[in-house]
Amino acid sequence: MAMARASSGLAYPDRFFAAAAYAGFGGSPNSSSKGVTSKFSNDVALLLYALYQQATVGPCTLPKPRGWSPVEQSKWTSWNGLGNMASIEAMRLFVKILEEEDPGWYSRASNFISDPVVDVEMHHNLKVELATKNEITLPEMKTIPTENGNSVEKDVMVEGVGSVSVYDQWVAPPISGPRPKPRYEHAAAVVDDKMYIFGGNHNGRYLNDLQTLDLRNWTWSKVEVKANSEDPVRVTPCAGHSLIPWEGNKLISIAGHSKDASEVVNVKAFDLQTYTWSTMKTYGKPPVSRGGQSVTLVGTNLVIFGGQDGNRTLLNDLHILDLETMTWDEIDTIGVSPAPRSDHAAAVHAERYLLIFGGGTHATCFNDLHVLDLKTMEWSRPSQQGDIPSPRAGHAGVTVGESWFIVGGGDNKSGVSETVVLNMSTLSWSVVTTVQGRVPLASEGLSLVLSSYNGEDVLVSFGGYNGKYNNEVNLLKPSHKSTLQATKSGTPALGSGSGVQNATNGTRDVDVEFEAGQEAKVREISMDNNEPQIIEINEVSERSIAVLKAEKEELESALNNEKSQSLQLKQELIEAESKNADLYKELQSVRGQLAAEQSRCFKLEVDVAELRQKLQTMDSLQKEVEILQRQKAASEEEALAKQKQTSGGVWGWLAGAPPTHDT
């Protein structure tokens, strides 16, 4: 065992005690929790107290307080609720919660932190070399620890666009260029043989840099982002987000935790041609802001499930963003939804079934598998077969045809060491390989992408957190055996058409193995007494070839049957589409008639409104006429009366009548 200085942060338990001291616990088991509530909300302070007690004292064995103090009751309830959680896991969860609440704590905790020392286990056959900043690493032998503690040396050769000489084993390629900062909970995507890394968490700080690894020559470089004059965008540092390649020249960044988080999920796009960020305007009701969710591209739709919001509330809602119309839609599903969770993995099978595996809450991890039928929007929890993985969260996954590869994660005790694969048609698990020790592949929050070299698929992992932040790159080339192994056991579980794909893959695999057997020389690496030996197989037995031929014939027969059924289904589909076309024409005709009737009704409503207005006007005019008539009659009566009074005056005098005198 050797000791090596590390500049990327303290290892456990030193990192935990530094975090505890910063939070107000004094950094030792005997310290109190004074001052904690002044930095955090009551709920967070109670959880930190419980985790601190669990890490330093162990599971709660004290009797429940009988007093009337609500504080003591709450502290006991929070601690007792952790059950038998391991001490190291309580330490890790304590630090993780502190980083979520105060991302910059590590940089401000210099008074609590001494020189970090990290234990690095040095195997007898492992050479550790410190490269200078500008050094270019040449192709070399890289040691990957295996499950039994031994080391298997694998040749990693880079020829042209690159080739890897081993299957189903993780190897470290020769990397050049300035490496990105170690990080976890970042996001990764591949476009044009380049892996892009965006954001993440480094020493408690959120990042917003964009890095790229050229997968043809394994060279890192930083993407120099240009200002967007038309749409000035401030790219907020974030972690726990998702990165989706789109239209061949864009990267879509969606959701994630940040220091200044908005109330709803934001969608941003990076243009790989102009090197500018822009905000993608969306319509409809967007989901609440979150991180640790899964985002799966299905056709032209992004399917978002679960995660954790800014108040640390776990979610299990489902939303879909249509990338053509940029419209959000919250989906009401049927069946029993998965429990609220974050840091799970998701994949789509046959463009119809959404698979959700694992994830966790604040104190529990899952290994359940849930399936959502995207046509009926119904959840189900089918039975799993094979080597069912242990509970985990913070893992990563990619699909290769029918196979779903899962790497890394944590299970509340340690990092998960095995790489597993699920056949999505049979729902059967198998183990591809297992690593040993505290290596980046057994980390939480690592990324995993799929690339291709010379027609062969390659898995590429980066980063992660397993007590220290990592920036290592590892790759694995899956063999046909690893994708075929799960297919041979179990029966098809998802979709009636999956058997066609299975038979096709199976025939191809048998062809490859049969042709390999004809080559007369196969090189394999095995372990005997902890020393690698080269075994040369000069001939393959006729019996093995006969077995392979028989399996091939059976698969070809099954394939022919499936093709026949497929043709029949296609014919039925054509007939159904023809009927659908006729019905659609009828529907369009009815829609046209309905539109004409609606237009006529609208005109009638307008005419009725005008007539009502005219009637109201006529009523008003009639009242005015009646008033004028009454006024006219009154005026005429008054004039007649005056005429009678003056009829014996002037007119009588003119007529020569003598005036009358009153007596």
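Residues numbered from 1 in each chain as written. Predicted model: local features only at pLDDT ≥ 70, side-chain atom pairs only at ≥ 80, totals over all residues. Heavy atoms only, no water.

Draft legend 1. Quick look at the nonpolar core. Counting 34 residues, the largest nonpolar core has Phe16, Phe25, Leu51, Phe94 and Trp105 as the members making the most contacts within it. Contributions of two or more residues to this core are made by helix H1 (14–23), helix H3 (42–56), helix H4 (70–80), helix H5 (87–101) and helix H6 (105–108). With eight residues, H3 is the largest single contributor of residues to this core. By size, the runner-up hydrophobic cluster in this structure holds 17 residues, among which are Ala188, Leu213, Val458 and Val473. (Core = buried A, V, L, I, M, F, W, Y, C linked by side-chain atoms within 4.5 Å. Buried < 20%, exposed > 50% of the residue type's maximum accessible area, 1.4 Å probe, protein only. Helix = DSSP H or I, 4+ residues; strand = E, 2+ residues; numbered from the N terminus.)

Draft legend 2. Fine view of the confidence of the model for the protein chain. When pLDDT is averaged along the protein chain, the result is 79, and 75% of the positions lie at 70 or above. Low pLDDT, under 50, characterises residues 27–34; the stretch is placed with 20 contacts to residues that sit more than four places away or in other chains. Taken as a whole, residues 496–540 scores under 50 in pLDDT and shows 64 contacts with residues more than four places along the chain or in a different chain. (pLDDT = per-residue confidence, 0-100. Contact = heavy atoms within 4.5 Å.)

Draft legend 3. Local environment of the packing of H3 against H5. Close contact between H3 and H5 brings their axes to 8 Å; oriented N to C, the two are set at 155 degrees. Here H5 runs roughly antiparallel to H3, going by the angle between their axes. Here H3 and H5 pass one another in a crossing that is left-handed. Facing H3, whose interface residues are Val44, Leu47, Leu48, Leu51, Tyr52, Gln54 and Ala55, H5 presents Ser87, Ala90, Met91, Leu93, Phe94, Ile97 and Glu101. Classifying every residue of the contact of H3 with H5 gives eleven nonpolar, two polar and one charged. (Axes fitted to C-alpha atoms, helices over the stretch in contact; angles between N-to-C directions. Parallel < 35°, antiparallel > 145°, perpendicular 65-115°, else oblique. Left-handed = near helix turned anticlockwise from the far one by under 90°. Nonpolar A, V, L, I, M, F, W, Y, C, P; charged D, E, K, R; others polar.)

Draft legend 4. Quick peek at the pattern of salt bridges. Tallying each qualifying case throughout the model produces 14 salt bridges. Here Lys75 ties to Glu72 by a salt bridge, and the two come within 3.8 Å at their closest N and O atoms. With Lys75 and Glu72 both in helix H4 and three residues apart, this pair spans about one turn of that helix. Here Lys250 ties to Glu247 by a salt bridge, and the two come within 3.5 Å at their closest N and O atoms. (Salt bridge = Lys/Arg side-chain N within 4 Å of Asp/Glu carboxyl O.)

Draft legend 5. Focus on the sheet that holds strand E28 (residues 456–462). If you trace the three strands from one edge of the open sheet to the other, you get E27-E28-E29, paired in antiparallel fashion. What marks the edges here is a single partner per strand, and that holds for strand E27 (447–453) and strand E29 (473–476). Pairwise comparison of adjacent strand axes, ignoring direction, gives a mean angle of 30 degrees for this sheet. The pairing of E28 with E29 spans four bridges and is antiparallel. Bridging across to E29, Ser461 finds its partner in Asn474. (Pairing = 2+ DSSP bridges.)

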